[in-house]
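What the coordinates show
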Amino acid sequence: MVLEAVYEQDFEDFSYGFRPGRSAHQALSSLWDRLMDVGGGWVLEADISSFFDTLDHGTLRSFLGRRVRDGVIREAIDKDKWLKAGVLEAGELRRQESGTPQGGVISPLLANIYLHEVLDRWFVEEVQPRMRGPAHLIRYADDFVVVFANEADARRVMAVLPKRFAKYGLALHPDKTRLIAFGRTQGLTPGEGGGKPPTFDFLGLTHYRGRSRKGTLVVKRKTARKRQARALKRVALWCKRNRHAPVDQQHRYLSAVLLGHYGYFGVTGNNRALGAFWYQVKRIWHVWLRRRSQRRSLTWERSARLLKRYPLPLPKIVHSVYRPQANPCS
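Here's what I pulled together on the structure shown here. Residue numbers restart at each chain and count upward from 1, following the sequence in its written direction. Restriction of local features to residues with pLDDT of at least 70 applies here, the model being predicted, together with a cutoff of 80 or more for giving and counting side-chain atom pairs; totals for whole chains, interfaces and linings are based on all residues. Computation of side-chain values covers all heavy atoms of the structure but excludes hydrogens and water.

Attention now moves to the packing of helix 6 (residues 107-127) against helix 7 (residues 151-166). For helices, the fitted line uses only the C-alpha atoms of the stretch in contact; every axis is such a line through C-alpha atoms, and the angle between N-to-C directions lies from 0 to 180 degrees. Helical segments are the DSSP runs of H or I of at least four residues, strand segments are the runs of E of at least two, and each set is numbered from the N terminus. Remark: helix 6 packs on helix 7, axes separated minimally by 11 Å, with the N-to-C direction vectors making an angle of 140°. By the angle between their axes, helix 6 is oblique relative to helix 7. The way helix 6 lies across helix 7 gives a crossing that is right-handed. Facing Glu-117, Val-118, Leu-119, Trp-122 and Val-127 of helix 6, the residues of helix 7 in contact are Val-157, Val-160, Leu-161, Arg-164 and Phe-165. For this scheme, ten residues count as nonpolar: Ala, Val, Leu, Ile, Met, Phe, Trp, Tyr, Cys and Pro. Four count as charged, namely Asp, Glu, Lys and Arg, and the remainder, Gly too, count as polar. Looking at the contact of helix 6 with helix 7, its residues break down into eight nonpolar, no polar and two charged. In these notes the angle categories are as follows: under 35 degrees is roughly parallel, over 145 is roughly antiparallel, 65 to 115 is roughly perpendicular, and the rest is oblique. Working rule for handedness: look at the near helix, and if it is turned counterclockwise from the far one by less than a right angle, call the crossing left-handed; if clockwise, right-handed. Only heavy atoms matter for contacts: two residues are in contact if any of them lie within 4.5 Å across the pair.

Written out as C-alpha cells, the structure reads:
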C-alpha cells in the first residue's frame, strides 16, 4: 500500500496492469484508438522471455533506492520476507536469486516498477522525442505492444529494443517478438492483392484489419484461437467430471461460465466468436449428459426441450467501442 501510493505518481498513463482503477479493457480500448488514429500503422508485438523469473534483484534494488528510503520497507523487500521468500518444492525450500516471489502480493507492483524504469521512462524520454511520426506504447504488466505511424521509426525501435532489455538482464522471445505492417490493406477484398492482412494478439484478443458495414477500413477484434480452445477444454473437463450432478447445478455453472466469457470477450465485432463459444458449450453439455447413461437416450430433440427449461445465456456485447471504458487517469 505504501509503495503503491509512491509509484502511482510516477507510472505512465499507458501502463494498465495491476493498478488501481485500471483494467485490461482500458488497455484494449486505448490500443484500438491508437490503431485507428494511425490507420493501422506498424505494430511491434513483444514478448519478454520468463520475465517474472528473470527479474534481476540487484537492478530492482537500485530502482527502489531512487524513490524508497524507508529502512523498514526496504528491509522487508530485500530480506527473506519478499524477494528471497523462496518456493517450497517437494518439501524442500528453494530460494531464488532472481525473479519475483511466486504468488506474492507484491510481485505485480515490483514488476511494474521494474518495467517502468526499463521500458516506460525510456520510451517517453528517449524514444518518442526521436520519432518522425506518432508512436504509442500500451503495456499491461509484462505484455506490451508499440504502435507506429512511420515504418522507419518502427524498425529503429525494433533494432534497439533487445539491447535495451539485455542491459537489465531481460530478453525478448525471438519467435514471439515481431514487427508487422498492420496498416497493409492487401487481401481485404477481392482484387486488392494476395495474402491475408497480418494480425496480432494482445490480452486474449486477435486484432485484424477489416471493413465496416459502410465499407471503410477498421480495426476488428476476435477471441484468440488458443484462448477459445483453452476455455472450451475447461468446460469439457468440468462437464465430464460433473455429468452426474443435478441438471440445475450444471446449468448454473455453465451460465456463469458463459456470462464471464461474455464479460471479457464481449467486444464490438466479436459476435461470431461469441456465438461459436455458446454453440460449443451447448454441444459439450449435450455430449456429457448423454453419457450419464449407457442407453444414450438423450436425443437432440430432448436436448432442445431441456434447453428451453434451462436456457443458456445468449452472446452479448459488453464492451462497445462506442461506449469506451473510462480512464480515470486520462
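Turning our attention to the sheet that holds strand 6 (residues 178-180). Strand pairing requires that DSSP identify at least two bridges connecting the strands. The sheet built from four strands is open, its strands ordered 4-5-1-6 with antiparallel pairing. In the strand order of this sheet, the two ends are held by strand 4 (135-140) and strand 6, each with one partner. Adjacent strand axes in the sheet meet at a mean angle of 15° when their direction is disregarded. Where strand 4 lies against strand 5 (residues 143-148), six bridges are found, and the strand directions are antiparallel. Considered in strand 5, the bridge of Ile-138 is made with Val-145. Those strands touched by helix 6 are strand 4 and strand 5, and its axis lies near 175° from that of strand 4.

This part is about empty space enclosed by the protein. A cavity here means a set of 1 Å grid points, computed over protein atoms only, where a 1.4 Å probe fits but cannot escape. A pocket is an open set with protein on both sides within 12 Å along at least 5 of 7 lines, and lining residues have an atom within 4 Å of a point. Grid points are joined across faces, edges and corners, and a volume is the space filled by probe spheres set on the points. Scanning all chains against the criterion turns up two cavities of 30 Å³ or more. The calculated volume of the largest cavity comes to roughly 40 Å³. Sorting the residues of the lining of the largest cavity by element identifies helix 10 (271-290) and helix 11 (300-309) as the ones contributing at least two each. Among the elements that take part in the lining of the largest cavity, helix 10 stands out by supplying four residues, more than any other. Along the lines of polarity and charge, the residues of the lining of the largest cavity split into four nonpolar, two polar and one charged. Counted as a void, the second largest cavity has a volume near 30 Å³. Along its surface, the second largest cavity is lined by Leu-119, Trp-122, Phe-123, Phe-144, Val-146, Val-157 and Leu-161. Counting residues per element, the ones that place at least two in the lining of the second largest cavity are helix 6, strand 5 and helix 7. Considered class by class, the residues forming the lining of the second largest cavity number seven nonpolar, no polar and no charged.

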